[in-house]
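Structure assessment
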Amino acid sequence: MKLKNSVVKTLIVGAARVWETPDGLKYSRLSETQAETWKKESEWFNRIVTSGEGVILDFDTNSEYFAFTISEKSNAEIWVDGLFFKNFIDATEVKCDFSPDNRSDMRHIICYLPSNGAVRDFAVSDGAETVKHKYERKILFIGDSITNGACSHYEGISYPNVTARALNAERFITGVGGGYFLPAFFEKTEFKPDIVIVAFGTNDFSNNESFDVIKEKAEVFLRLVSKNYRNKKLFCISPIWRKTDKKLSAGENFSEYCEKLKTVISDSDFTLIEGDKLVPHDERFFDDGELHPNAIGHYMYAENLIKFIQRKI
């Protein structure tokens, strides 16, 4: 049974916009204004902000299968009832056959949608019930490439996705590779979170600005977020460990910088989460050995983040 685009749109999670093209549905985690803001910062962001990363289908169904097509070769990943089920690499067709046993039972399906191309021809079993998953809360994640799941190897293993599944939360991930505290990036959308988690800072350090410049941008950004999400649970994660010999213009090394940034966060309306206590200070937990957590690193990040959040909500 083919699903109408109007139905598919109701199942899409994490998209600031969804639009129809001759090739099928396209989507983006960023609004047009947000994408243009990063493009103006540097041409380097052009590809990053135009991809479909971070958008999912999240639904419950008693269908015996789920399928769709992609307009160009891309990747997709399917999780069923909280477990990894199957991934598709450089694929143009996606189809998952589920056990026909207990057909009346609903399965929770999460499909991490392709980052490239358009999607179309969504199909489930004839007569199957297909409804958007019901959540207990909503979480907005704002951050850089780590928040966007870089180097997690499986999208479902990135720390925001693990966290969202564990807390049964509808998640909206506005992670931007290379991103930093940029006040012009913040934009309040129709998504109404109960929890907001900001995780910038490591790229600010890499950009070699003075701490005073970083401090000012961070303070403005955090004030904008807190002003627009009053009475919500606000958390800001200081940078996780990284291996680097770089120093800021005034000579602060990375650890000294992080301690200063923690003070900025603590002085804001946000609850500080100390990033250096989330992932082991060990190259083996980082895909590149120095900056981006690998699959295990992301999972440990999420495990410790979940524990912290559960104590606060």
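Keep in mind that this is a model prediction, so the values were computed, not measured.

Direction vectors running N to C along helix 4 (residues 159-166) and helix 8 (residues 295-312) enclose 45°, while the axes themselves pass 8 Å from each other. Overall, the two elements helix 4 and helix 8 adopt an arrangement that is oblique. Note on packing geometry: the crossing formed by helix 4 with helix 8 is right-handed. Of the residues in helix 8, those touching helix 4 at Tyr159, Val162, Thr163 and Ala166 are His298, Tyr299, Tyr301, Ala302, Leu305, Ile306 and Ile309. A class-by-class count of the residues in the contact of helix 4 with helix 8 yields nine nonpolar, two polar and no charged.

Right, let's get into the nonpolar core. By size, the foremost hydrophobic cluster in this structure holds 38 residues, and its most contacted members are Phe185, Val198, Phe221 and Tyr257. Residue assignment for this core shows that the elements contributing at least two residues are helix 2 (32-41), helix 3 (46-50), strand 10 (137-143), strand 12 (195-199), helix 6 (211-228), strand 13 (233-237) and helix 7 (254-266). Excluding residues that lie within four positions of it along the chain, valine 198 makes contacts with Ile142, Phe181, Phe221, Leu222, Phe235, Cys236, Ile237 and Phe270. Ala76, Ala91, Phe98 and Leu113 belong to the second largest nonpolar core, which has 27 residues in total.

Calculation criteria
- Residues numbered from 1 in each chain as written.
- Predicted model: local features only at pLDDT ≥ 70, side-chain atom pairs only at ≥ 80, totals over all residues.
- Heavy atoms only, no water.
- Axes fitted to C-alpha atoms, helices over the stretch in contact; angles between N-to-C directions.
- Helix = DSSP H or I, 4+ residues; strand = E, 2+ residues; numbered from the N terminus.
- Parallel < 35°, antiparallel > 145°, perpendicular 65-115°, else oblique.
- Left-handed = near helix turned anticlockwise from the far one by under 90°.
- Contact = heavy atoms within 4.5 Å.
- Nonpolar A, V, L, I, M, F, W, Y, C, P; charged D, E, K, R; others polar.
- Core = buried A, V, L, I, M, F, W, Y, C linked by side-chain atoms within 4.5 Å.
- Buried < 20%, exposed > 50% of the residue type's maximum accessible area, 1.4 Å probe, protein only.

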